[in-house]
Amino acid sequence: ETGVTQTPRHLVMGMTNKKSLKCEQHLGHNAMYWYKQSAKKPLELMFVYSLEERVENNSVPSRFSPECPNSSHLFLHLHTLQPEDSALYLCASSQGKVDTQYFGPGTRLTVL
Amino acid sequence: GENVEQHPSTLSVQEGDSAVIKCTYSDSASNYFPWYKQELGKGPQLIIDIRSNVGEKKDQRIAVTLNKTAKHFSLHITETQPEDSAVYFCAASIGPLGPDYKLSFGAGTTVTVRA
């Protein structure tokens, strides 16, 4: 497995469910990111972890909870989501503050 | 913060013709400008980038130009092929990334290459 992988690729959940998105990077990077991608809008940065510490939280609602247990894995825990949270959630990684970010394929989330 | 605007939002070109996508940015301190290509069902993939000490960069059929005075940069695709059909995103940042690790993205351009 190479690059950045994400599971699941598709997720449908009700507003009362709890689910988690997983991201794994095989690039030896030490910074990981969660982005939200909605149709016709710029990518929205949600969270940044550097060396397993959260360094950025872009005023994201508390129903999204990130976790970074080590430099290769990143999770996004979801609970009591709203229909407007339906989007493509992208994970990315980079080597510290080096600019280039490498993206995973995303998880298509649908909240009913 | 940085604001990146991207035009056009959709672009349809005949196979073999050229495609040009333009982006403007607001923060004069930005000095790193990557372009990403996103195919259906995939995440964005870096295709080319340029830094502020360079005015133009080419990689086969793809080129990027930068005008720091006007604060705009463009992606040029020559001899377009069907596999060039995708959504293209420009981005800008202060590189090495500032304390917030932030890449500011444009809203994307959907390019369709007609056979």
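Just above, that's the structure.
Residues numbered from 1 in each chain as written. Chains lettered and ligands numbered in written order. Predicted model: local features only at pLDDT ≥ 70, side-chain atom pairs only at ≥ 80, totals over all residues. Heavy atoms only, no water.

Quick look at the interface of chain A and chain B now. Across the contact, 26 residues belong to chain A and 26 residues belong to chain B. For the pair chain A and chain B, the summed buried surface comes to about 1,900 Å²; carbon and sulfur atoms form 54% of the total. Counting across the chain A and chain B interface gives zero salt bridges. Joining chain A to chain B, the criterion identifies four residue pairs in polar contact (both at pLDDT 80 or more). For the side of chain A that touches chain B, the elements supplying multiple residues, two or more each, are strand 4 (31-37), strand 5 (44-50), strand 6 (53-57) and strand 9 (87-94) of chain A. When residues in the side of chain A that touches chain B are grouped by element, the largest group, four residues, is from strand 4 of chain A. Of the residues that constitute the side of chain A that touches chain B, the class distribution is 13 nonpolar, seven polar and six charged. (Contact = heavy atoms within 4.5 Å. Buried area = accessible area lost by both parts, 1.4 Å probe. Salt bridge = Lys/Arg side-chain N within 4 Å of Asp/Glu carboxyl O. Polar contact = N/O pair within 3.5 Å; in protein donor to acceptor, adjacent residues only side chain to side chain. Helix = DSSP H or I, 4+ residues; strand = E, 2+ residues; numbered from the N terminus. Nonpolar A, V, L, I, M, F, W, Y, C, P; charged D, E, K, R; others polar.)

Quick look at the sheet that holds strand 8 (residues 72-77) of chain B now. Residue and element names in this part refer to chain B. Across the sheet, which stays open at both edges, the five strands sit in the order 1-3-8-7-6 with antiparallel pairing between neighbours. Either end of the sheet is taken by a strand with one partner, and the two such strands are strand 1 (4-7) and strand 6 (56-59). If you compare each strand with its neighbour and ignore which way they point, the axes differ by 15 degrees on average. The pairing of strand 7 (residues 62-67) with strand 8 spans six bridges and is antiparallel. Across the sheet, N67 pairs through a bridge with H72, a residue of strand 8. (Pairing = 2+ DSSP bridges. Axes fitted to C-alpha atoms, helices over the stretch in contact; angles between N-to-C directions.)

Within the largest apolar cluster, 23 residues are counted, with the highest numbers of intra-cluster contacts made by I21, Y25, F33, W35, F73, L75 and Y88 of chain B. Core analysis: the next-biggest nonpolar cluster, separate from the first, contains 22 residues, C68, L78, L81 and C91 of chain A among them. (Core = buried A, V, L, I, M, F, W, Y, C linked by side-chain atoms within 4.5 Å. Buried < 20%, exposed > 50% of the residue type's maximum accessible area, 1.4 Å probe, protein only.)

Just distances and angles here, no functional claims.
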